[in-house]
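Breakdown of the fold
As a plain string of letters, each chain reads:
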Amino acid sequence: MSLWFIAWSYLWDRKLTTALTVLSVALAVGLISALLTIRIETRQRFEEEQQAYDVVVGPPGSPLQLTLNAVYFLDNPTGSLDYSVYEALKQHEDVVNIFPVGLGDTYRGFRIVGTIPEIFEYPWENPITRENRYPFKLEDGRFFEAPMEAVVGYRVWRNMGLKVGDEFAGTHGSIEVPDELAEYDHRGDKYVVLRLLQPSGTSSDLAIFVDLQSVWDLHDDHGPVAEEEHAEDGHEDEHGQAEIGHGEEHAEDGHGDGHEGLTITAALVDLYSPAMRFSFVGYVMDEYGVMAAIPVNQILRLYDQILQPAVVILMSVGYVVVAISALSLLIGLYLSIIQRKRDLAIMRALGASSFEIFGAVMIEAFLVTLLGIAAGWVLGKIVAVGLGLYMSRVYGFAITGLSTGPEEIGFFAIVAFVGLFAGIVPAWQAYQTDVARDLNAP
């Protein structure tokens, strides 16, 4: 009879105690496993999108808010950027691609993004594999070619039941209103769905893309009001959204081309080389007096200053649970040794050595810890998959929740070591079995 079979038999004989100990280990492992998985995959998704554009240019304000709004369609716009700045930057020798973005309207809580058709053909480089990927893939229909035509992201048309040829009305600001009220906003003008996008696993899944001229046309009536209520561009309206449309005249810039006085929310810039980012940011801020931010830097700062402390706190809680689980394992095995002293003495009398007794108890500790790690891994992945589905629906980030990285494997190794360490005291107690005394025990 092998020591592994003996150890398993003892654990099976104490099913309830064993199950509770395994559960305590699984809870700690599941918490850390889910946390590490979500953190790693979320960061990868953020990095994929932040590497798509070298610089984002917008009105003066918070660079992080500008990045979240213009790149990820989160948060509110920081204000309005004169269109002449975009036209001037488009002629800059270091710029390969530049795309204007006009935000301010929503449909059922989903952002309506005014831009130009060329953005759909722009490839995103994967920062890990360095391969180009195209997030805008056709599901049905065609790209917009005229104002009031819309290209609808995957999550939008799935959730709202939109299909090619449907019409819908946007609402000014981020406040969700019923369809019957939305039809009266923006003079009752409606968009026509021309294209449905395939899932991309990016924030584009939660956006509706329209021609920039549509945004200007719909906000033409907001421009004079905005100028009367606000002394300068860049102020937000009562809905927390920047006014997009007609701002102050800037004919002196010489880049009008019929667009004098028009504004956008931001401009997404692709440079010839990432090495030009810092110099280009300095040039834009000095030359035009507007905000220019590097998305990758802003997201890393977000992680370091906001998300990382939260992760550290949660991981600390996980390690505390691991310590409690180890203590529970130690107590359970120790009480088990006391209860079966006679059995251990019989094993010694039948020829088992002290080292074999020690090894049997250590195997018990190892099996309990291994079962806890396995159960915790499954529990953690279930939680991560659930959170991934939620984040995909709310933020557009495709997170599988199934990846297992080196950091997670390293944590499993730590838990296994702690479990074995917790078994040393009970195993040593068993090792010191007094055969004669324990055989005569009642």
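Residues numbered from 1 in each chain as written. Predicted model: local features only at pLDDT ≥ 70, side-chain atom pairs only at ≥ 80, totals over all residues. Heavy atoms only, no water.

Here we take up the overall build of the protein. A tally of regular secondary structure across the protein gives 15 helices and 15 strands. A buried classification covers 51% of the 442 residues belonging to the protein. Of the contacts made within the protein by residues no fewer than 6 positions apart, 79% connect residues no fewer than 24 positions apart. Surface summary for the protein: the accessible area is close to 20300 Å², and the carbon and sulfur share equals 59%. (Helix = DSSP H or I, 4+ residues; strand = E, 2+ residues; numbered from the N terminus. Buried < 20%, exposed > 50% of the residue type's maximum accessible area, 1.4 Å probe, protein only. Contact = heavy atoms within 4.5 Å. Areas by Shrake-Rupley, 256 points an atom, 1.4 Å probe, with all protein chains shown as cover.)

This brings us to the nonpolar core. Counting 53 residues, the largest nonpolar core has Val-55, Val-57, Phe-209, Ile-264, Val-269 and Phe-280 as the members making the most contacts within it. Beyond its immediate chain neighbours, meaning those up to four positions away, Phe-280 contacts Val-55, Leu-89, His-92, Val-95, Val-269 and Leu-271. Phe-110, Ala-150, Val-152 and Val-210 belong to the second largest nonpolar core, which has 19 residues in total. (Core = buried A, V, L, I, M, F, W, Y, C linked by side-chain atoms within 4.5 Å.)

Turning our attention to the packing of aromatic side chains. Applying the stated criterion across every chain yields a total of 14 aromatic pairs. Pairing Tyr-53 with Phe-99 gives two aromatic rings, centres 6.4 Å apart and planes at 75°, and the pair type is edge-to-face. Of the two residues, Tyr-53 sits in the loop between α2 (15–50) and β1 (55–58) while Phe-99 sits in strand β3 (residues 95–107), which places them 46 residues apart along the sequence. On the basis of relative accessibility, which here comes to 4%, the residue Tyr-53 falls in the buried class. Exposure remark for Phe-99: the relative accessible area of 2% places this residue in the buried category. Between the aromatic rings of Tyr-107 and Phe-168, the centroid separation amounts to 4.7 Å while the plane-to-plane angle is 45°, which identifies the pairing as tilted. Taken together, the residues Tyr-107 in strand β3 and Phe-168 in strand β9 (residues 167–168) connect sequence positions 61 residues apart. Among the residues examined, Tyr-107 registers a relative accessible area of 7% and is labelled buried. Given the relative accessible area of 3%, Phe-168 is considered buried. Put simply, the rings of Tyr-53, Phe-99 and Tyr-122 pair up and form one aromatic cluster. (Phe/Tyr/Trp six-rings, centres within 6.5 Å; stacked < 30°, edge-to-face > 60°.)

In a pair of packed helices, the angle between the axes and the distance between the axes together describe the arrangement. Relative to each other, helix α4 (residues 83–90) and helix α9 (residues 277–288) sit at 135°, their axes nearing to 12 Å. Considering the angle they form, α4 stands oblique to α9. Note that α4 runs across α9; the crossing there is right-handed. Packed against α4, whose contacting residues are Val-85, Ala-88 and Leu-89, the element α9 presents Phe-280, Tyr-283, Val-284 and Tyr-288 at the interface. In terms of residue class, the contact of α4 with α9 is built from 7 nonpolar, no polar and no charged. (Axes fitted to C-alpha atoms, helices over the stretch in contact; angles between N-to-C directions. Parallel < 35°, antiparallel > 145°, perpendicular 65-115°, else oblique. Left-handed = near helix turned anticlockwise from the far one by under 90°. Nonpolar A, V, L, I, M, F, W, Y, C, P; charged D, E, K, R; others polar.)

Before going further, it helps to examine the confidence of the model for the protein. Confidence in the prediction for the protein averages 76 pLDDT; 74% of positions are at 70 or higher. Mean pLDDT values over the elements of the protein span from 37, in helix α8 (residues 222–229), up to 94, in β1. Segment residues 221–240 is flagged for pLDDT under 50; beyond a separation of four residues in sequence, or across chains, it makes 36 contacts in the model. In this model, residues 248–256 is a region of pLDDT below 50 whose contacts with residues beyond four sequence positions or in other chains number 16 contacts. (pLDDT = per-residue confidence, 0-100.)

Our focus in this paragraph is the pattern of salt bridges. Considering all chains together, one arrives at 3 salt bridges under this definition. Here Asp-54 makes a salt bridge to Arg-277, at a shortest N to O gap of 2.9 Å. Placement of Asp-54 in the loop between α2 and β1 and of Arg-277 in helix α9 is noted, with a sequence separation of 223 residues between them. The partner of Glu-408 in a salt bridge is Lys-381, with the nearest N and O atoms 3.2 Å apart. One end of the pair, Glu-408, is in helix α13 (residues 406–422); the other, Lys-381, is in helix α12 (residues 354–395), with 27 residues separating them in the sequence. Taken as a pair, Glu-408 and Lys-381 share a single burial class, namely buried. (Salt bridge = Lys/Arg side-chain N within 4 Å of Asp/Glu carboxyl O.)

So, about the pairing of β1. The side-chain alternation of β1 yields two buried faces, one formed by Val-55 and Val-57 and the other by Val-56 and Gly-58. As paired elements, β1 and strand β14 (residues 266–271) share 3 bridges and run antiparallel to each other. Paired with Val-57 across the bridge in β14 is Ala-267. Judged from the 3 bridges that link them, β1 and strand β15 (residues 291–293) form a sheet pairing that is antiparallel. Bridge assignment links Gly-58 to a residue of β15, and that residue is Met-291. (Pairing = 2+ DSSP bridges.)

With that settled, the discussion passes to a nonpolar patch on the surface. A surface patch of nonpolar side chains, about 630 Å² in accessible area, is lined by Leu-16, Leu-20, Leu-23, Leu-27, Leu-379, Val-383 and Leu-387. Of note, Leu-16 is situated in helix α2. With a relative accessible area of 63%, Leu-16 lands in the exposed category. (Patch = residues over 30% accessible without salt bridge, like charges linked within 9 Å, V, L, I, M, F, W, Y side chains within 5 Å.)

The residue Thr-67 is located in helix α3 (residues 63–70) in this model. Those residues in contact with Thr-67, other than ones at most four positions away along the chain, are Val-56, Tyr-72, Ala-293, Pro-295, Gln-298 and Ile-299.

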